[in-house]
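Per-entry structural report
Listed here are the chains, written in short residue letters.
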Amino acid sequence: MHYIKMMSPVGELVIAADDEALRFVHFQTGKMAAREEPEWEQADRGIVKETRKQLEKYFAKKLRDFDLPLGPRGTGFQERVWRELTNIGYGATISYGELAKRIGNAAASRAVGLANGRNPIPIIIPCHRVIGASGKLTGYGGGLPIKETLLALEAPQATLAVHG
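Residues numbered from 1 in each chain as written. Predicted model: local features only at pLDDT ≥ 70, side-chain atom pairs only at ≥ 80, totals over all residues. Heavy atoms only, no water.

1. Describing the overall build of the chain
Applied cut-off: To qualify as a helix, a DSSP run of H or I must reach at least 4 residues; to qualify as a strand, a run of E must reach at least 2; elements of each kind are numbered from the N terminus. Restricting the calculation to C-alpha atoms gives the radius of gyration, and the globule rule supplies 2.2 Å times the number of residues raised to the power 0.38. Buried means the residue's accessible area, taken with a 1.4 Å probe over protein chains only, is under 20% of the maximum for its type, while exposed means over 50%, and partly exposed covers the values in between.
Counting its secondary structure elements, the chain contains 5 helices and 6 strands. When the helices and strands of the chain are listed from N to C terminus, the series reads β-β-β-β-α-α-β-α-α-β-α. In terms of overall size, the chain behaves like a compact globule, its C-alpha atoms giving a radius of gyration of 16 Å where 164 residues would be expected to give roughly 15 Å. Taking the principal axes of the C-alpha coordinates as reference, the chain spans close to 55 × 50 × 25 Å. Across the 164 residues in the chain, those meeting the buried criterion constitute 47%.

2. What about the confidence of the model for the chain?
Applied cut-off: pLDDT measures how confident the predictor is about each residue, on a scale from 0 to 100. Whether two residues are in contact is decided by their heavy atoms, any of which lying within 4.5 Å being enough.
Looking at the chain, the pLDDT average stands at 89 and 92% of residues meet or exceed 70. In the predicted structure, residues 158-164 sits below a pLDDT of 50 and forms 0 contacts with residues beyond four places in sequence or in another chain.

3. Details of the pattern of salt bridges
Put simply, the rule is: Any Lys or Arg side-chain nitrogen found within 4 Å of a carboxyl oxygen on Asp or Glu counts as a salt bridge.
This model, assessed by the stated rule, comprises 9 salt bridges. One salt bridge in this structure joins D19 and R45, with 3.9 Å as the shortest N-O distance. Placement of D19 in the loop between β2 (11-17) and β3 (22-26) and of R45 in the loop between β4 (41-42) and α1 (46-59) is noted, with a sequence separation of 26 residues between them. Three or more residues joined by partner-sharing salt bridges are found here, namely D18, E20, R23 and R73.

4. Focus: the sheet that holds β3
The strands making up a sheet associate through hydrogen bonds between their backbones, and the pairing can be parallel or antiparallel. Selection rule: Pairing between strands requires that DSSP locate at least two bridges from one strand to the other.
Spatially, β3-β2-β1-β4 is the arrangement adopted by the 4 strands of the open sheet, whose pairing is mixed. Looking at strand neighbours, the two that pair on one side only are β3 and β4, the edges of this open sheet. With 2 bridges connecting them, strand β1 (residues 2-8) and β4 associate as parallel partners. From the neighbouring strand, Y3 faces β4, where its bridge partner is Q42.

5. Details of the nonpolar core
Quick note on the threshold: For this analysis, a nonpolar core means a set of buried residues of the types Ala, Val, Leu, Ile, Met, Phe, Trp, Tyr and Cys, connected via side-chain atoms within 4.5 Å.
Among the nonpolar cores identified, the biggest contains 39 residues, and L22, L55, Y58, F59, L85 and I123 are the most heavily contacted of them. Among the elements that take part in this core, α1 stands out by supplying 5 residues, more than any other. If near-sequence neighbours (up to four positions away) are discounted, L55 is found in contact with M6, L13, I15, F66, I123 and I124.

6. Focus on the packing of aromatic side chains
Rules: Pairs were defined over the aromatic rings of Phe, Tyr and Trp, the Trp ring being its six-membered one, requiring ring centres within 6.5 Å. Orientation was assigned from the angle between planes: stacked under 30 degrees, edge-to-face over 60, tilted for the rest.
A complete count under the given rule lists 5 aromatic pairs for this structure. Geometrically, the ring pair formed by Y3 and W40 is tilted, given 6.0 Å between the ring centres and 45 degrees between the ring planes. A residue pair is termed long-range when its members are at least 10 positions apart, and Y3 in strand β1 and W40 in the loop between β3 and β4 qualify at 37 residues. Owing to a relative accessible area of 9%, Y3 belongs among the buried residues under this scheme. What makes W40 buried here is its relative accessible area of 10%. Joined through ring pairs, the aromatic side chains of Y58, F59, F66 and Y90 make up one cluster.

7. Considerations on the pairing of β1
Within β1, 5 of the 7 residues are buried, which leaves the element mostly enclosed by the surrounding structure. Here β1 pairs with β2 via 7 bridges, running antiparallel. When the sheet's bridge partners are listed, H2 is paired in β2 with A17. Joining the antiparallel neighbours β1 and β2 is a turn of 2 residues.

Below you can see the structure in the form of structure tokens.
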């Protein structure tokens, strides 16, 4: 496994991958706090390098859809939730209940929330796009300020009509 640290508008990120897939994006704060494991090698190459490039474009509002080999590891249920998260479009939000319906278990919104919170590849697997049924922002592994920043980044920008 190799990794890099990257500065971003949401703080320092640790990006880790093996030769097959992206495995982790960790924030500096929250439950998914940035860390590297002792056996990891620091190297800006391969999937890690491509992830950094795509994240830079995303934060510059020049990329909406990531194209990376993803390899999150979790339970079957968690992996089903994470796969479904990738179907939430840029700038869109859905509720935990809606996400539960989309995976075929409408009564599992609480379990969906727990799986969402354990997403090892946030931003790229867009768990920040899941909000409370009331429209309020609720829990986020990196903390609510990061979730707010990511949603604001993806919010449609008003365009001014120029008359001449």
